[in-house]
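Notes for the structure review
Each chain is listed here by its residues.
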Amino acid sequence: MRIENSFIPVRGVGERTERNLWRAGSTHWDEFDASLVGAKTGDRIETFIADAAAHLDDGNSRFFDDCFPSGERWRLYENFRDETCFFDIETTGLSPERDSVTTVSFYQDGETTTLVSGEDLTVDALREQFADAKLIATFNGARFDVPFLETSFDVSIDVPHVDLMYPCRTLDLTGGLKQIEKDVGIDRDRPDISGRDAVRLWREYERGDQSSLDTLVSYNREDAVNLERLMETVTGRLHDRACEGLDADLG
């Protein structure tokens, strides 16, 4: 599913109207037939297509973040795949006012970077990681990772965001990230550790055990990398669900 397959951002167009357009052969903006809808809706769609095409050419993901319904923002991924920044944080607790960020791992376009507290985890380093991202992806990051970083480092992470926890729920995939990974067949190379283990490893590192930091970083990096695999699975399933029963090809 690509942005250009989508009509649902237009006022007055819901899932049923969009599916009817697809079923009638209007599966892409270039194929839109205004006679398939009412005059006012047709005008709105044509105006949207003209505006959206220009923003898409400019790589303006924020435009689509604003106009897509929140439950449909997963559709941005295919267009901004190479500029999607997957990231995950580890902390010493759950409160950004009392606790600290220990490591942050980023995965974008095949490259993984981990920032470590006391070494290279700085405001400037965080800003650099997000600078080229057109889309960010997390698991439970809207409630945890993003506000924790913003509070801890006084930064604003103003990038369109797909929190995979919510599209997972749409697909009846519930529980934590590790459970959902198991449910969709994503294997891990290393034994699972809990959030409590992550705190313990950091405390051991603070007492001089470098191997504990190595384990924590490895765990954190795998979390970030596996988010891409989960995104691929989730968007694929949502695409199939949106197209269920249609003869039209939205690929």
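In this text, all values refer to a predicted model and were calculated from it rather than measured experimentally. (Residues numbered from 1 in each chain as written. Predicted model: local features only at pLDDT ≥ 70, side-chain atom pairs only at ≥ 80, totals over all residues. Heavy atoms only, no water.)

1. Details of the overall build of the protein
Along its length, the protein carries nine helices and five strands. With respect to the principal axes defined by its C-alpha atoms, the protein has extents near 70 × 35 × 30 Å. Sequence separation of at least 24 residues holds for 62% of the intrachain contacts in the protein that already meet a minimum separation of 6. Just so you have it, the protein exposes about 12400 Å², and 41% of that area is on carbon and sulfur atoms. Taken as two groups, the 28 positive and 52 negative side-chain charges of the protein have centres that lie 6 Å from each other. (Helix = DSSP H or I, 4+ residues; strand = E, 2+ residues; numbered from the N terminus. Contact = heavy atoms within 4.5 Å. Areas by Shrake-Rupley, 256 points an atom, 1.4 Å probe, with all protein chains shown as cover. Lys, Arg positive; Asp, Glu negative; His and termini not counted. Charge placed at Lys NZ, Arg CZ, Asp CG, Glu CD.)

2. Concerning the packing of aromatic side chains
For any pair of aromatic rings, the description consists of the separation of the ring centres together with the inter-plane angle of the planes. Tallied over the full model, the rule gives 10 aromatic pairs. With centroids separated by 5.0 Å and ring planes inclined at 50 degrees, the aromatic side chains of Trp-202 and Tyr-205 adopt a geometry described as tilted. You can see Trp-202 and its partner Tyr-205 sitting in helix α8 (residues 195-206), three residues apart, about one turn around the helix. Among the residues examined, Trp-202 registers a relative accessible area of 6% and is labelled buried. Judged by its relative accessible area of 18%, Tyr-205 falls in the buried class. One aromatic cluster is present, formed by Phe-63, Phe-64 and Phe-68 through successive ring pairs. (Phe/Tyr/Trp six-rings, centres within 6.5 Å; stacked < 30°, edge-to-face > 60°. Buried < 20%, exposed > 50% of the residue type's maximum accessible area, 1.4 Å probe, protein only.)

3. A look at the domain arrangement of the protein
Split by domain assignment, the protein resolves into domain 1 (3-58) and domain 2 (79-235). Inter-centroid distance (C-alpha atoms) of domain 1 to domain 2 is 36 Å. (Domains from an automatic or database assignment.)

4. Regarding helix α2 (residues 39-57)
Taking 1.5 Å per residue, 19 residues should reach 27 Å; α2 reaches 27 Å between its end C-alpha atoms and fits that length. Of all the residues in α2, the buried ones are Thr-41, Gly-42, Ile-45, Phe-48, Ile-49, Ala-52 and Leu-56. Taken around the axis of α2, the buried residues stretch over an arc of 125 degrees, which confines them to a single face. Residues of α2 that are exposed and point more than 90 degrees away from the buried face comprise Ala-39, Lys-40 and Ala-50. (Expected span 1.5 Å × (residues − 1). Arc of directions from axis to C-beta.)

5. Some remarks on unusual backbone geometry
With phi around 65 degrees, Asn-140 is a residue other than glycine that occupies positive phi space. You can see Asn-140 is positioned in the loop between β4 (135-138) and α5 (145-153).

6. Considering the sheet that holds strand β5 (residues 161-163)
Pairing is mixed in the open sheet, where five strands are placed in the order β3-β2-β1-β4-β5. Only two strands of the sheet have a single partner each, and these edge strands are β3 (111-116) and β5. Each strand axis lies, on average, 20 degrees off the axis of its neighbour in the sheet, ignoring direction. Where strand β2 (residues 101-108) lies against β3, six bridges are found, and the strand directions are antiparallel. When the bridges of β3 are listed, Thr-103 appears paired with Val-116. (Pairing = 2+ DSSP bridges. Axes fitted to C-alpha atoms, helices over the stretch in contact; angles between N-to-C directions.)

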